[in-house]
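Below, each chain spelled out in residue letters.
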Amino acid sequence: MTTTIQPGTGTPADEPQVLKQSKMGTGAGSAGWPVRIGLLVLCVAWMIPALGMLVNSFRPRDEQFASGWWTAFFNPFGSSWTLQNYTNVLTSDAAGIPMSQAFINSLIVALPATVIPILIAAFAAYAFTFMQWKGRDVVFVIIVGLLVVPNQVAFVPLVKLYSGLGLNGTFIAVWLAHIGFGMPLAVYILRSYMSGLPTAVIESAKIDGASHFTTFWRLIMPMSTPALASFAIFQFLWVWNDLLVALIFLGRGDNTVATVALQGLQGQTGAGRELIPAAGYITIIVPILVFLALQRYFIRGMTSGAVKG
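Thresholds applied
Residues numbered from 1 in each chain as written. Predicted model: local features only at pLDDT ≥ 70, side-chain atom pairs only at ≥ 80, totals over all residues. Heavy atoms only, no water. Helix = DSSP H or I, 4+ residues; strand = E, 2+ residues; numbered from the N terminus. Buried < 20%, exposed > 50% of the residue type's maximum accessible area, 1.4 Å probe, protein only. Contact = heavy atoms within 4.5 Å. Areas by Shrake-Rupley, 256 points an atom, 1.4 Å probe, with all protein chains shown as cover. 1 Å grid on protein atoms, 1.4 Å probe; cavity = no way out; pocket = protein on both sides within 12 Å on 5 of 7 lines; lining within 4 Å. Points joined across faces, edges and corners; volume = space filled by probe spheres on them. Nonpolar A, V, L, I, M, F, W, Y, C, P; charged D, E, K, R; others polar. Core = buried A, V, L, I, M, F, W, Y, C linked by side-chain atoms within 4.5 Å. Axes fitted to C-alpha atoms, helices over the stretch in contact; angles between N-to-C directions. Parallel < 35°, antiparallel > 145°, perpendicular 65-115°, else oblique. Left-handed = near helix turned anticlockwise from the far one by under 90°. UniProt positions renumbered as here; feature names shortened; annotations may be inferred. Salt bridge = Lys/Arg side-chain N within 4 Å of Asp/Glu carboxyl O.

### Let's talk about the overall build of the protein
And then number 1: Each helix and strand counted, the protein has 15 helices and two strands in total.
And then number 2: Relative to its 309 residues, the protein shows a buried fraction of 35%.
And then number 3: Look at the contacts in the protein between residues 6 or more apart in sequence, and 70% of them connect residues 24 or more apart.
And then number 4: Carbon together with sulfur atoms contributes 67% to the accessible area of the protein, which is approximately 18600 Å² in total.

Right, here's the structure in full:
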């Protein structure tokens, strides 16, 4: 595509000036065909296991064990497609509890374990960013330093502490564990984001007589929505997909979450292996919906501060 520019006053009029523009996808920073082909191969390879699990979730037990999932594409009308796997997963108590109840338990665990640390970390990030107090930087370094401590080293002391308080096997135990494990990262992310907010807005609020709580709730929180949503996605996915913390502090029983119930479907003899693909897709419905709902905030939160103008 070319654009002809007529010469202005005082410029030679022998021939028009021509401004050349590169075609779409061929300018600086655009990916070439080798890169595109490589990305396509990676995407296909990444999706193959999910596709295989999806196909097997609609196949009966005998066909799952007799042939690979890809054989269903060679004879799609000869395969015995069924929804019985999903029905059995939602109603069967092969894992000690129906998956439908375990699904609800996962929501009961994930929602508070996501919202509470975000609120606490947002208050802490505001204090570390906009409030002056003695030892502020030292405390912040200590909190960030907790990121390098493996969560597994705290399991034994926490189990003993919760046992003495009678909290083992309750939702409160797993809430406190997830809140404590997720707090350092939340404080670090939110503090880094808030440090890039315009200080003129904060100063104007002080001049108008706004308290710290008013400034935080009416100015900082709305302005920090991308960062809050980004961490909410990470925290929710981590809590929802967690198996170890839920297995240690909740165990199996009436409070079993979806990941523990999914792991228990196979049993000791593998009697429920045909239900695992269907159960797997049931458990990923909520994370997919959460990511799609907060995707625009996630991208803004990840890219904020990358370009300054």
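Let us keep going from here.
### A look at empty space enclosed by the protein
And then number 1: Counting across every chain of the model gives one cavity of 30 Å³ or more.
And then number 2: For the largest cavity, the calculated volume is near 60 Å³.
And then number 3: Residue assignment for the lining of the largest cavity shows that the elements contributing at least two residues are α5 (99–130), α8 (171–194) and α11 (225–240).
And then number 4: Considering only residue class, the lining of the largest cavity consists of six nonpolar, three polar and one charged.

### What about the nonpolar core?
And then number 1: V89, M99, V109, V245 and F249 are the most contacted members of the largest nonpolar core, which has 37 residues in total.
And then number 2: Looking at this core, the element that brings in the most residues is α5, giving six residues.
And then number 3: Excluding anything up to four places from it in sequence, V89 contacts P98, M99, L275, A278, A279 and I282.

### So, the packing of α5 against helix α6 (residues 136–145)
Between two packed helices, the angle of one axis relative to the other and the distance separating the axes together describe the packing.
And then number 1: Relative orientation of the contacting elements α5 and α6 amounts to 140 degrees, with a least axis distance of 10 Å. By the angle class used here, α5 and α6 are oblique. Remark: the crossing between α5 and α6 carries left-handed chirality. Residues A127, F128 and T129 of α5 form the contact with α6, whose own contacting residues are R136, V139, F140 and I143.
And then number 2: Of the residues belonging to the contact of α5 with α6, the class tally is five nonpolar, one polar and one charged.

### Notes on the UniProt feature "transmembrane region" (unreviewed entry) in the protein
And then number 1: In the numbering used here, UniProt assigns the feature "transmembrane region" (unreviewed entry) to residues 33–55, 103–126, 138–159, 171–190, 227–250 and 275–294.
And then number 2: The span residues 227–250 shows a helical share of 83% and a strand share of 0%, and its end C-alpha atoms are spaced 30 Å apart.
And then number 3: Regarding residues 275–294, the helix share stands at 90% and the strand share at 0%, and the terminal C-alpha atoms are separated by 30 Å.

### Notes on the pattern of salt bridges
And then number 1: Inspection of the entire model under this criterion finds two salt bridges.
And then number 2: Here R59 makes a salt bridge to E63, at a shortest N to O gap of 3.8 Å.
And then number 3: A salt bridge links D137 to R136, with the shortest nitrogen-to-oxygen separation between them at 3.7 Å.
And then number 4: We classify R136 as buried; its relative accessible area is 14%.

### Looking at the side chain of Q235
And then number 1: Within the secondary structure, Q235 is located in helix α11.
And then number 2: What makes Q235 buried here is its relative accessible area of 2%.
And then number 3: Setting aside anything within four residues of it in sequence, one finds Q235 in contact with A113, T114, P117, H178 and G182.

### Looking at the layout of surface pockets
And then number 1: Considered as a void within the structure, the largest pocket measures approximately 310 Å³ in volume.
And then number 2: Surrounding the largest pocket, 18 residues form its lining, N151, G180, F181, G182 and P184 being those nearest its centre.
And then number 3: Going through the elements one at a time, α8 and α11 are the ones with two or more residues in the lining of the largest pocket.
And then number 4: Within the lining of the largest pocket, the residues separate by chemical class into 14 nonpolar, four polar and no charged.
And then number 5: Roughly 270 Å³ of internal volume is contained in the second largest pocket.
And then number 6: For the second largest pocket, the full set of lining residues is W46, M47, A50, Y281, I284 and I288.
And then number 7: A total of three residues in the lining of the second largest pocket trace back to one element, the largest contributor, which is helix α1 (residues 33–56).
And then number 8: Here the residues of the lining of the second largest pocket are counted per class, giving six nonpolar, no polar and no charged.

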